[in-house]
Amino acid sequence: MGIQIKTLDQLRLMRKAGLIVGETLELMREAVVPGITTNQLNEIAVKNLSANQAKSNFLNYHGFPAVICASVNEEIVHGIPNNREIQDGDIVSIDFGAIIEGWHGDAAFSTIAGNKNADDQKLLDTCEESMWRGIAAGKAGAKLTDISFAIENYIRSQGKYGILREYGGHGIGSEMHQEPHVLNFGASGMGPELKSGMALAIEPMITKGSPVTKVLADEWTVVSQDASRGAHFEHSYALLADGKPFVLTAIDGGKAKLGRLGIEISELL
Ligand code: MG
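So, how was this worked out
- Residues numbered from 1 in each chain as written.
- Predicted model: local features only at pLDDT ≥ 70, side-chain atom pairs only at ≥ 80, totals over all residues.
- Heavy atoms only, no water.
- Donors = N, O, S within 2.8 Å, 3.2 Å for Na, K, Ca; no water.
- Helix = DSSP H or I, 4+ residues; strand = E, 2+ residues; numbered from the N terminus.
- Buried < 20%, exposed > 50% of the residue type's maximum accessible area, 1.4 Å probe, protein only.
- Pairing = 2+ DSSP bridges.
- Axes fitted to C-alpha atoms, helices over the stretch in contact; angles between N-to-C directions.
- Salt bridge = Lys/Arg side-chain N within 4 Å of Asp/Glu carboxyl O.

Caption draft 1: The coordination of the magnesium ion, seen in detail. Distances from the magnesium ion to its protein donors, namely Asp106 (OD), His170 (NE2), Glu203 (OE) and Glu234 (OE), fall within the range 2.1 to 2.4 Å. Each donor residue of the magnesium ion lies on the same chain, and together they follow the pattern D-x63-H-x32-E-x30-E. Taken as a pair, Asp106 in strand 4 (residues 103–112) and Glu234 in the loop between strand 12 (230–232) and strand 13 (235–239) lie far apart in primary sequence, 128 residues in all. Note on Asp106: relative accessible area 2%, which makes it buried.

Next up, the structure:
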């Protein structure tokens, strides 16, 4: 079908879904303390979806049994919430999405419960900043892999991290996963030109060691093969008719983080 181009009204619905995603992720971030279980985090998200009359795009996705993915330490993405208690110093990565009137939002963050090890915090900061650099590079008129290059280039500048190769970002709109696939590595200047009306979820996934992963017997949880700890950050953003971006799943639309990189966000939404 090619890359879906959204109208302003459709992007407004995606913003509605995205804001619910952003606000729910904040509720979960505050709740990540030693002793909580990932099932309890899932429960927070279930309640906030229903309070906002939003639907889950994760629940029943190819049989996935929860509304969030919760991945701890060497689990990088796609973990299934469970009753294991989070320990002091654990890295907790939460991925979450919502649907409003058929339009999707999708975002994720990693955080550290309790006492923060500086090395782990740098892993998270590197992953998050690479996501913002990717979004900043994904301007109207740029090529798709300008995003990929910006993400990899930033991560490489920060140390020897493994960038997952089998997973990446994606188009988003009337389905959670659409074309194009967005690699988190590679040369710039390739792939389709980015245009107004496109929306992409940008989601770097990195480890402190090898980029090689395996899927656990639950058929979902992706862990690093060398058991090194990982991080995952994600935002969904759109390019508006004025050629400027707007981060649909960020509470401030990306104003602060993109502003710091010299990118003005659109005021059309
Ligand atoms: Mg995603």
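Having put the structure on the table, let's press on.
Caption draft 2: Fine view of the sheet that holds strand 14 (residues 245–247). Strand order across the open sheet formed by five strands is 7-6-8-13-14, with antiparallel pairing between neighbours. Looking at the sheet topology across the chains shown, the edges are occupied by strand 7 (178–182) and strand 14. Strand after strand, the sheet turns through a mean of 25° between neighbouring axes, direction not considered. Where strand 13 and strand 14 come together, three bridges link them in antiparallel fashion. Its bridge partner being in strand 14, Leu239 is matched across the sheet by Pro245.

Caption draft 3: The pattern of salt bridges, seen in detail. The final tally for this structure, using the stated rule, is eleven salt bridges. The salt bridge involving Arg12 is made with Asp9; its shortest N-O contact spans 3.8 Å. Here Asp9 and Arg12 lie together in helix 1 (residues 8–31), a separation of three residues that amounts to about one turn. Note on Asp9: relative accessible area 53%, which makes it exposed. Its salt-bridge partner being Glu26, residue Arg29 comes within 3.1 Å of it at the nearest N-O pair.

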